[in-house]
Amino acid sequence: MRTLRLLLAMILLAGGSYAQERLQARQRHANPDVLERLERMSPEERGRVLDRLPPGRRARIEQRLEKYEKLSPRERERLRRQYRRFRELRPEEQESARKLFRKFQQLPQDRRRAVRQEYMRQSRMNNEERLARIGASDYRARFTSDERRIISEVLELAPE
């Protein structure tokens, strides 16, 4: 369960394209392991592998590969570690993480940013401070019930 907590916190905190791509790649069978293997291939080998795919899938993989190649070595390693941790989760934990991530991704970009910032703020609080914060009228006015639920679910899952 601690691994799930850590993974969800990293996904929400990261908010960058690499975290989004990692989960989307997992869901579409273009995971970081595959991208890394394709990256190591010669252009000819890569072309032969990609030629066997339907055009739409090939285009998606090529886009992800291009984004993956633009990541720094540090970001790539972080992505690989996160993916390995995710694969180690029990299926029900993976599904919980996916559902929460989908809820977060459905928010408009400005709201994702606000939710991420609030999560980071509350993650630094102790329970007493957090209870005071969620009871504050400005908090209730600033975040919808769905946004507050996302924040609280990730906080419940995130490591203390």
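Now for a description of the structure that goes with this document. (Residues numbered from 1 in each chain as written. Predicted model: local features only at pLDDT ≥ 70, side-chain atom pairs only at ≥ 80, totals over all residues. Heavy atoms only, no water.)

Concerning the overall build of the chain
- A tally of regular secondary structure across the chain gives eleven helices and zero strands.
- The N-to-C order of helical and strand elements in the chain reads α-α-α-α-α-α-α-α-α-α-α.
- Evaluated residue by residue, the chain yields a buried proportion of 41% over its 160 residues.
- Looking at the chain alone, contacts between residues at least 24 apart form 69% of all its contacts between residues at least 6 apart.
- Of the roughly 9600 Å² of accessible surface on the chain, 47% is carried by carbon and sulfur atoms. (Helix = DSSP H or I, 4+ residues; strand = E, 2+ residues; numbered from the N terminus. Buried < 20%, exposed > 50% of the residue type's maximum accessible area, 1.4 Å probe, protein only. Contact = heavy atoms within 4.5 Å. Areas by Shrake-Rupley, 256 points an atom, 1.4 Å probe, with all protein chains shown as cover.)

Some remarks on the packing of aromatic side chains
- A complete count under the given rule lists one aromatic pair for this structure.
- With a centroid separation of 5.3 Å and 50 degrees between ring planes, the pair formed by Tyr139 and Phe143 is classed as tilted.
- Accessibility expressed as a relative area gives 2% for Tyr139, which makes it buried.
- The ring centre of Tyr68 lies 5.3 Å from the NZ or CZ of Arg76, which sits over that ring. (Phe/Tyr/Trp six-rings, centres within 6.5 Å; stacked < 30°, edge-to-face > 60°. Lys NZ or Arg CZ within 6 Å of the ring centre and 35° of its normal.)

A closer look at the packing of helix α8 (residues 109-123) against helix α9 (residues 127-135)
- Relative to each other, α8 and α9 sit at 145 degrees, their axes nearing to 9 Å. Where α8 abuts α9, its residues Glu118, Arg121, Gln122 and Ser123 lie against Arg130, Arg133 and Ile134.
- A per-class count over the contact of α8 with α9 returns one nonpolar, two polar and four charged. (Axes fitted to C-alpha atoms, helices over the stretch in contact; angles between N-to-C directions. Nonpolar A, V, L, I, M, F, W, Y, C, P; charged D, E, K, R; others polar.)

Structural notes on helix α7 (residues 91-106)
- An ideal rise of 1.5 Å per residue puts 22 Å on 16 residues; α7 measures up with 22 Å between its terminal C-alpha atoms.
- Residues of α7 that are buried include every one of Glu93, Gln94, Ala97, Arg98, Leu100, Phe101, Phe104 and Gln105, and no others. (Expected span 1.5 Å × (residues − 1).)

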